[in-house]
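Per-entry structural report
Now for the letters of each chain:
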Amino acid sequence: MLRPQSTATRDLVSLDGVWKFALVRDSLETEAPWTAALPGSLEAPVPASYNDIFLDPAIHNHVGWVCYQRRVVVPRGWTRDERYFLRIEAATHKGRVYINDTFVTEHVGGYTPFDAEVTQLVRPGEAFRLTIAVNNELTNTTIPPGIIRVEAGGQKRQQYFHDFYNYAGLARSVWLYSLPTKHVADVTVVTDVQGATGILRYDVQTSELGAGETVHVTVRDEADAVVGEAAGARGAVHIDKATLWKPGAAYLYQLCAEVRSAAGAMLDTYSVATGIRTVEVRGTQFLINGQPFFFTGFGKHEDTAIRGKGHDPAYMVHDFQLMDWINANSFRTSHYPYAEEVMDFADRHGIVVIDETPAVGLNLAVNSGFFEGVGKDSCTWSPEFINDDTRAAHAASIRELVARDKNHACVVLWSIANEPSTNEPGAREYFAPLVALARELDPSRPVAYINVMFANYDDDLVADLFDVVCLNRYYGWYVHTGDLATAEAKFEAELRGWDRKYGKPIIMTEYGADTLAGLRSFYNAPWSEDFQVSYYNMCHRVHDRVPAVVGEQVWNFADFQTAASHVFRVDGNKKGIFTRDRKPKTIAAVLRARWSQKLLDQ
Ligand code: GCB
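Keep in mind it's a predicted model, so treat the numbers as computed, not measured.

About the thresholds
Residues numbered from 1 in each chain as written. Predicted model: local features only at pLDDT ≥ 70, side-chain atom pairs only at ≥ 80, totals over all residues. Heavy atoms only, no water. Helix = DSSP H or I, 4+ residues; strand = E, 2+ residues; numbered from the N terminus. Expected span 1.5 Å × (residues − 1). Buried < 20%, exposed > 50% of the residue type's maximum accessible area, 1.4 Å probe, protein only. Contact = heavy atoms within 4.5 Å. Near = heavy atom within 4 Å. Polar contact = N/O pair within 3.5 Å; in protein donor to acceptor, adjacent residues only side chain to side chain. Areas by Shrake-Rupley, 256 points an atom, 1.4 Å probe, with all protein chains shown as cover. Salt bridge = Lys/Arg side-chain N within 4 Å of Asp/Glu carboxyl O. Pairing = 2+ DSSP bridges. Right-handed = clockwise from strand over helix to strand, strands pointing away. Axes fitted to C-alpha atoms, helices over the stretch in contact; angles between N-to-C directions. Parallel < 35°, antiparallel > 145°, perpendicular 65-115°, else oblique. Left-handed = near helix turned anticlockwise from the far one by under 90°. Domains from an automatic or database assignment. Phe/Tyr/Trp six-rings, centres within 6.5 Å; stacked < 30°, edge-to-face > 60°. Lys NZ or Arg CZ within 6 Å of the ring centre and 35° of its normal. Core = buried A, V, L, I, M, F, W, Y, C linked by side-chain atoms within 4.5 Å. Nonpolar A, V, L, I, M, F, W, Y, C, P; charged D, E, K, R; others polar.

Remarks on helix H9 (residues 529-545)
Spanning 17 residues, H9 covers 25 Å between terminal C-alpha atoms, matching the ideal 24 Å at 1.5 Å per step. With twelve of its 17 residues buried, H9 lies for the most part within the structure. Listed in full, the buried residues belonging to H9 are Glu-529, Asp-530, Phe-531, Gln-532, Val-533, Tyr-535, Tyr-536, Met-538, Cys-539, His-540, Val-542 and His-543. In this fold, the buried residues of H9 make contact with helix H8 (484-502), strand S31 (506-510), strand S32 (549-555) and helix H10 (587-601).

Printed below as a string of structure tokens:
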């Protein structure tokens, strides 16, 4: 799944902007809104989630299909011996594409991109009507899962088992692009280091090539000087005295794959930014380039006011500025793959990423307490809830994530699920094939899942299948609330238990306390900024006493929106170190000082 690129052989047209927009109130098939101009006068921005754009609760709370529509003109200069595609970077959670009256393709999975080939349906210089239908429904066989209830009035209501708002729509860019008939279809680069030599092992997939047509690979450094070349679709390029990609000190080579005609003419060219680095788990250490690495930073969300999960380059750059200011070296893409611009930015700026699938909420145990008693008496891993079809969707989400992000130097660890119910019978049977799949798709990176507090080292059924122990823990917040002395003892005992039993690196992927910006307390009252500081100081004392802890990613980077119907959330989750509009709480300066020391220690 190569991201579309503008190159000497490929054109790229952005379709971002303001599109016509309409709810589908009944059935997409019977209403067939793509066959004409959408009814009504609503318009919606792309990229953005649509939910908070409009004031009408019927749109905000809509469950089902919506349609986006616009007119697109195919550039006049495009020739008939090219192929044309639409790239939809995200349609959350299901998208259907129509060109004029014709259905082209459907894609399930709200956070990974897909293509619609339109070559036979459009002509250079002519306009077409593009309609993208987007569905936000979550069921027991989608990733993430949910349940749809039909209320007395016939209205659908969506329930889901994750703690962030179910924003939907076209939250990322849409492109029209051209591809030469003979083209580079995929590139995989895996890097290695031997002494001072960097090795780029590459595999270029192409469309079917004719006699004498070949693949050629050129590697350029950041000064654009050619530092290596190779012929053939598969091989290795050795770079003497390579500059490594390091956390905090990014360096990217461009690996350019070309398809050449028998006469040597360039038929297609595509470049992949490549950071040379190694990743390894050894004992309780997480090594990057052979050096022990300590993760500092955040679990994040794609979440801002009004645009919801819509990608916004201003927020992106600002968020990375805040991470730089606070001395964070990493983040997790909790709880779904983020926009590709974010991954590119992390590559360019040396920020380390734990890359997560959208498999969040596979847990009826958590949900029986929090989410209106759903599933109190049922089992997570069962034909009625998370079943074989869910696992097939989960497998597809792993495939699509690895296909999209495999070449990013910033990605050092795959997280294939957040807080699944791994102490319930059936968990191991569910996860073993998914771990095997992740390893087969990418043997070069370690694989993790993010463990929930209910599944501890005594009764978790899957931890041995994975390379790293990633823990979300809320001692002092959800348990032993406000009692930091008891919390400290219990937290330390648990970490030591994991260390004893598994002897693997432990990354704290979540810990935090809801904090209302501006609320102060002499008595360390939960929800106050003072309590948040004491809470984190407590956790950090524990981390510092357990050498197997090799990372701390606090929950969360910023306050974020959640489902409206929970009594324990007031306008969202308030565990941010920054407010939703990115103002620091008191804790920010404390983390900044701690992580500055951690950077010096590495
Ligand atoms: C968790 C979840 C995260 C929630 C967080 C919380 O364990 O992984 O999605 O937002 O707890 O604040 O409750």
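Picking up after the structure, the text goes on.
Section: the site of the ligand
Contacts to the ligand come from 13 residues, most closely from Asp-163, His-335, Glu-419, Tyr-478 and Lys-575. Asp-163 places a side-chain nitrogen or oxygen 2.5 Å from an oxygen atom of the ligand. One of the side-chain nitrogen or oxygen atoms of Arg-569 is found 3.1 Å away from an oxygen atom of the ligand. Against a free-state accessible area of 320 Å², the protein chains account for coverage of 92% of the ligand.

Some thoughts on the pattern of salt bridges
Within the structure shown, the criterion is met by 44 salt bridges. Across the pair Glu-106 and Arg-96 runs a salt bridge, and its minimum N-O distance is 2.5 Å. Of this pair, Glu-106 sits in strand S8 (residues 102-108) while Arg-96 sits in strand S7 (residues 94-99), and the two are ten residues apart along the sequence. With relative accessibility at 34%, the residue Glu-106 sits in the partly exposed group. One salt bridge connects Arg-332 with Glu-510, and the closest N-O pair in it is separated by 2.8 Å. In this pair, Arg-332 is assigned in strand S26 (residues 330-332) and Glu-510 in strand S31, connecting sequence segments 178 residues apart. Residue Arg-332 is classed as buried on the basis of its relative accessible area of 0%. Given the relative accessible area of 4%, Glu-510 is considered buried.

Things to note about unusual backbone geometry
Geometrically, the link from Val-46 to Pro-47 is a cis peptide bond, its omega value of 5° lying close to zero. Position of Pro-47 among the secondary structure elements: in the loop between strand S3 (43-46) and strand S4 (48-49). Residue His-335 is bonded to the preceding Ser-334 through a cis peptide linkage, with omega at -10°. For His-335, the location among the structural elements is in the loop between S26 and helix H4 (340-349).

Some words on the pairing of strand S27 (residues 352-356)
Burial analysis of S27 places five of its five residues in the buried class, which makes it a mostly covered element. Side chains Val-352, Ile-354 and Glu-356 project from S27 onto one buried face, and the interleaved Val-353 and Asp-355 project onto a second face that is buried too. Relative to S27, S26 is paired through three bridges, and the arrangement is parallel. In the sheet register, Phe-331 faces S27, and the bridge partner there is Val-353. Since S26 and S27 lie parallel, the crossover through H4 that links them has a hand, and here it is right-handed. Pairing between S27 and strand S28 (residues 411-418): four bridges, direction parallel. Residue Glu-356 lies in a different strand from S28, and its bridge partner there is Ser-415.

Side note on the packing of H9 against H10
Between H9 and H10, the least distance of the axes is 9 Å, while the angle of their chain directions is 20°. It follows from the interaxial angle that H9 and H10 lie roughly parallel. H10 is crossed by H9, and the crossing has right-handed handedness. Taken together, the residues of H10 that come into contact with H9 (itself represented by Gln-532, Val-533, Tyr-536, Asn-537, His-540, His-543 and Asp-544) are Ile-587, Val-590, Leu-591, Arg-594 and Lys-598.

Notes on the domain arrangement of the chain
For the chain, the domain assignment lists domain 1 (12-180), domain 2 (184-277) and domain 3 (280-601). For domain 1 versus domain 2, the separation of C-alpha centres amounts to 35 Å.

A closer look at the sheet that holds strand S16 (residues 197-206)
Read from one edge to the other, the open sheet built from three strands follows the order S15-S16-S19, with strand pairing classed as antiparallel. In this open sheet, the two edge strands, each paired with only one partner strand, are strand S15 (184-194) and strand S19 (234-239). Strand-to-strand, the axes of this sheet are offset by a mean angle of 20°, without reference to chain direction.

Topic: the sheet that holds strand S17 (residues 214-220)
Strand order across the open sheet formed by four strands is S18-S17-S20-S21, with antiparallel pairing between neighbours. Both edges of this open sheet fall to strand S18 (226-231) and strand S21 (266-274), since each of them pairs with a single strand only. Taking each pair of neighbouring strands and ignoring which way they run, the sheet shows an average axis angle of 20°. One ladder, built from eight bridges, connects strand S20 (residues 253-260) with S21; its direction is antiparallel. Across the sheet, the residue bridging to Tyr-253 is Thr-274, located in S21.

Overview of the packing of aromatic side chains
A complete count under the given rule lists 38 aromatic pairs for this structure. Ring plane angle 20° and centroid distance 5.5 Å describe the contact between Phe-85 and Tyr-177, whose orientation is recorded as stacked. In this pair, Phe-85 sits in strand S6 (residues 82-88) while Tyr-177 sits in strand S14 (residues 174-180), placing the two residues 92 residues apart along the sequence. A relative accessible area of 8% places Phe-85 in the buried class. Assessed through its relative accessible area of 6%, Tyr-177 is described here as buried. Among the aromatic residues, those joined into a cluster by ring pairs are Tyr-111, Phe-164, Phe-320, Phe-331, Tyr-336, Tyr-338 and Phe-345. Here Lys-300 stacks its cationic end above the ring of Phe-557, 4.6 Å away from the centre of that ring. The ring of Phe-294 is capped by Lys-598, whose NZ or CZ atom sits 4.1 Å from the centre of that ring.

What to know about the nonpolar core
Of all hydrophobic cores here, the largest spans 106 residues; its most connected members are Phe-298, Phe-431, Tyr-535 and Ile-577. Residue contributions to this core reach at least three from each of two domains, namely domain 1 (12-180) and domain 3 (280-601). Counting residues in each nonpolar core, the second largest holds 32 residues, with Tyr-50, Leu-86, Ala-116 and Ala-168 among its members.

Topic: the packing of helix H6 (residues 388-405) against helix H7 (residues 427-441)
Running from amino to carboxyl end, H6 crosses H7 at an angle of 20°, the nearest separation of the two axes being 10 Å. One finds that H6 runs roughly parallel with respect to H7. Considering the relative orientation of H6 and H7, their crossing is right-handed. On the side of H6, the interface is formed by Thr-390, Arg-391, His-394, Ala-395, Ile-398, Arg-399 and Val-402, while H7 contributes Glu-429, Tyr-430, Phe-431, Pro-433, Leu-434, Leu-437, Ala-438 and Leu-441. Partitioned by chemical class, the residues of the contact of H6 with H7 number ten nonpolar, two polar and three charged.

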